[in-house]
Amino acid sequence: MPGAANATPAVDGRPAGTAIGPDDPRYPELMTGNNQRYTARPDYVRLITSPADAERAVRDAVARGKRVSLRGGGHCFADFVCHPETEVILDVSPMTGVGYDPTRHAFVVEAGARLMNVYEALFKGWNVTIPGGICYSVGVAGHISGGGYGLLSRAHGLTVDHLYAVEVVVVDRDRKVRRVIASREPDDPNRDLWWAHTGGGGGSFGLITRYWFRSPDARGTNPSDQLLSPPSKVLVSAIEFAWDEMDRTSFAKLVGNFTSWHLANSAPDSPFVSLSSLFNVSAKAHGGLGMFTQVDATVPNARRLLADYLAAITDGVGVTPRSASRSIGEIGPMPGYDVPRELPWLQATRLVGTNNPTITNPTSRGAHKSAYMLGEFSPEQIATLFDYMTRPDFTNPDTMLVLFSSGGRVNAVPEHATANAQRSSTFKMCFQTFWERPEEDEFYLTWLRGLYSDFFAETGGVPVPDTRADGCYINYPDNDMADPTQNRSGVSWQHLYFKGNYPRLREVKRRYDPTDYFRHSMSVKSA
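This is a predicted model, so every value here is computed, not measured.

1. Considering the overall build of the protein chain
Inference 1: The helix and strand tally for the protein chain stands at 13 helices and 18 strands.
Inference 2: Against the globule reference of 24 Å for 527 residues, the protein chain gives a C-alpha radius of gyration of 22 Å, in line with a compact fold.
Inference 3: Sorting the 527 residues of the protein chain into buried and exposed places 62% on the buried side.
Inference 4: When the accessible area of the protein chain is evaluated, it comes to approximately 18900 Å², of which 50% is carbon and sulfur surface.

Shown next as structure tokens:
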């Protein structure tokens, strides 16, 4: 395809997307993504505007024999989209529609939408939402297909627990391109394709164009009754623990309090399911460890629940929490919230979702490693974390271990009911650091790999599913899990991410993408 932008005739009543080649001034912006470590030099980037346009774009790439990458337009931590073998990027970011489909009694969300737009449209239109992530610019396509969770998940489960159907452009064995709508209905012949998109990750089975959402317990035909309603108000708390008041003992007590509280309150019937917390264990160079907590203000004794939680976290630490005048890891400063404040839900969602300058910095390079935890950290793990975060030669403030509340209603679903298999965890975590210059790659990658490897030293440097850990989160992908020099456990990366669900994912791959046309460095491999 030529270097200049090319438009094709309108389809679905919408102007077809353009193909942007190297001679187009927009090309440099589109050859990379959220993580500047990864770039591509595709022949062209095809901007897609509708499901029919998506089908045409895939058919054209297949006819030309092009290696494609799929992009929703949000975040991608690894090289799934931008890598040296990419010849065509199929980009659905222009598809941002959100609406109600009366034929399916479900809310339809196009694959290029970003979370904050989805929250606003669903809430303002129908007073409903999905329990998705906090960052405003996360793209729906990958977030949902990887499982999706956020501050409402302890009360309402993962996003995929409310996923009714998905539309995917697939390529058959004879290279025939077609669109498939797969639902969770028991008699749907394509139900396995729906299941694969409830935690199997993006880019493995086809090009996602639309999702439909309806809660499993939905009744009647009123649109506002088809999906969960958010709390009308939430209590918000943001506090910081100053590093200059912390020593090894107080650090161990603080981190240990977080892990033990979540172990004790991870059951689906916990009285604390309406509470969710995000604890950023930042490097000492940052100056403080920050904690953001939100609780549904409409539940009985909401203020007592929050007070009891904060008391449990600070018990015996010997460090007085203060106002979060500095960023809370990847969230910006939130001064004045050391005294909890009651806010309307959407206002609080905007406050946290748009106030994250670290994770959304478009010039940054990053590295990310994840783990689900079933139990408390060992004393050795906490000591390792302290040693790395206080290392004298490490001066990067944009470095953290983010601990996220999990459990609650997430754990009410059997691990084989969706492709997301981690249904017993107490919390999940993400080790991450950000920097800007390519010449610093080796230093930061070495530091992060060392921390992660030493943290999970007892299990070969990775969180092998056992009594304490439960593998990794596919939406925080890490190519090191497929590298035997980094993953010394003898456990495959597929088992770390998908556990016992991987054989079924392989069967879905065999059925819907038998030629492995849609693939990347950590895509599902056909049975």
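2. Looking at the side chain of Asn190
Inference 1: With respect to the helices and strands, the residue Asn190 is situated in the loop between strand 9 (177-183) and helix 6 (191-196).
Inference 2: Overall, the relative accessible area of 15% leaves Asn190 in the buried class.
Inference 3: Here the side chain of Asn190 touches Tyr512 through a polar contact of 2.8 Å, side chain to side chain.
Inference 4: Those residues in contact with Asn190, other than ones at most four positions away along the chain, are Val180, Ile181, Ala182, Arg511 and Tyr512.

3. A word on the pattern of salt bridges
Inference 1: Applying the stated criterion across every chain, the model contains 33 salt bridges.
Inference 2: Two residues, Arg179 and Glu167, come together in a salt bridge whose shortest N-O distance is 3.7 Å. Of the two residues, Arg179 is situated in strand 9 and Glu167 in strand 8 (residues 163-171); the sequence distance between them amounts to 12 residues.
Inference 3: Among the salt bridges present, the one from Lys369 reaches Asp478, with a minimum N-O distance of 2.7 Å. A residue pair is termed long-range when its members are at least 10 positions apart, and Lys369 in strand 16 (residues 365-373) and Asp478 in the loop between helix 11 (441-455) and helix 12 (493-498) qualify at 109 residues. Here the two residues Lys369 and Asp478 agree in accessibility, since each one is buried.
Inference 4: Overlapping salt bridges bring together Glu55, Arg59, Glu167, Arg179 and Arg210 as one network.

4. Some thoughts on the environment of Thr159
Inference 1: Within the element layout of this structure, Thr159 appears in the loop between helix 5 (153-156) and strand 8.
Inference 2: Residues Thr159 and Gly146 lie 13 residues apart in sequence; the distance between their C-alpha atoms is 9.5 Å.
Inference 3: In contact with Thr159, not counting residues within four places along its chain, are Pro131, Gly132, His143, Ile144, Gly147, Gly148, Tyr149 and Phe213.

5. A look at the sheet that holds strand 9
Inference 1: Strand order across the open sheet formed by 5 strands is 6-7-10-8-9, with antiparallel pairing between neighbours. In this open sheet, the two edge strands, each paired with only one partner strand, are strand 6 (98-101) and strand 9. Pairs of neighbouring strands in the sheet enclose a mean axial angle of 25°, with direction left out of account.
Inference 2: Of the pairings in the sheet, the one linking strand 8 to strand 9 comprises 7 bridges and is antiparallel in character. Following the sheet pairing, Val170 is matched in strand 9 by Arg178.
Inference 3: Most of the contacts of helix 2 (residues 51-63) go to strand 9, to which it runs at about 135°, and overall it touches strand 8, strand 9 and strand 10 (207-213).

6. Digging into the nonpolar core
Inference 1: Of all hydrophobic cores here, the largest spans 154 residues; its most connected members are Phe251 and Met429.
Inference 2: With 7 residues, helix 11 is the largest single contributor of residues to this core.
Inference 3: With residues up to four places along the chain from it excluded, the contact list for Met429 reads Lys369, Ser370, Ala371, Met373, Phe377, Leu401, Val402, Leu403, Phe404, Phe455, Phe456 and Tyr476.
Inference 4: In terms of nonpolar packing, the next biggest core, distinct from the first, is built from 11 residues, Leu30, Ala40, Leu47 and Ile89 among them.

7. A short note on the environment of Asp308
Inference 1: Here Asp308 lies in helix 8 (residues 302-314).
Inference 2: When its relative accessible area of 36% is taken as the criterion, Asp308 is described as partly exposed.
Inference 3: In the structure, Asp308 is positioned 218 residues away from Leu90 in sequence and 49 Å away in space, judged by C-alpha atoms.

8. Digging into the packing of helix 10 (residues 379-389) against helix 11
If you want to describe how two helices pack, look at the angle between their axes and the distance between the axes.
Inference 1: Running from N to C, helix 10 and helix 11 cross one another at 165°; their axes reach a closest spacing of 9 Å. Classified by the angle between their axes, helix 10 and helix 11 sit roughly antiparallel to one another. Every pair of crossing elements has a handedness; the one defined by helix 10 and helix 11 is right-handed. Between helix 10 and helix 11, the residues in contact are Gln381, Thr384, Leu385, Tyr388 and Met389 and Trp447, Gly450, Leu451, Asp454 and Phe455, respectively.
Inference 2: When grouped by side-chain class, the residues that make up the contact of helix 10 with helix 11 number 6 nonpolar, 3 polar and 1 charged.

What counts as what
- Residues numbered from 1 in each chain as written.
- Predicted model: local features only at pLDDT ≥ 70, side-chain atom pairs only at ≥ 80, totals over all residues.
- Heavy atoms only, no water.
- Helix = DSSP H or I, 4+ residues; strand = E, 2+ residues; numbered from the N terminus.
- Rg over C-alpha atoms; globule rule 2.2 N^0.38 Å.
- Buried < 20%, exposed > 50% of the residue type's maximum accessible area, 1.4 Å probe, protein only.
- Areas by Shrake-Rupley, 256 points an atom, 1.4 Å probe, with all protein chains shown as cover.
- Polar contact = N/O pair within 3.5 Å; in protein donor to acceptor, adjacent residues only side chain to side chain.
- Contact = heavy atoms within 4.5 Å.
- Salt bridge = Lys/Arg side-chain N within 4 Å of Asp/Glu carboxyl O.
- Pairing = 2+ DSSP bridges.
- Axes fitted to C-alpha atoms, helices over the stretch in contact; angles between N-to-C directions.
- Core = buried A, V, L, I, M, F, W, Y, C linked by side-chain atoms within 4.5 Å.
- Parallel < 35°, antiparallel > 145°, perpendicular 65-115°, else oblique.
- Left-handed = near helix turned anticlockwise from the far one by under 90°.
- Nonpolar A, V, L, I, M, F, W, Y, C, P; charged D, E, K, R; others polar.

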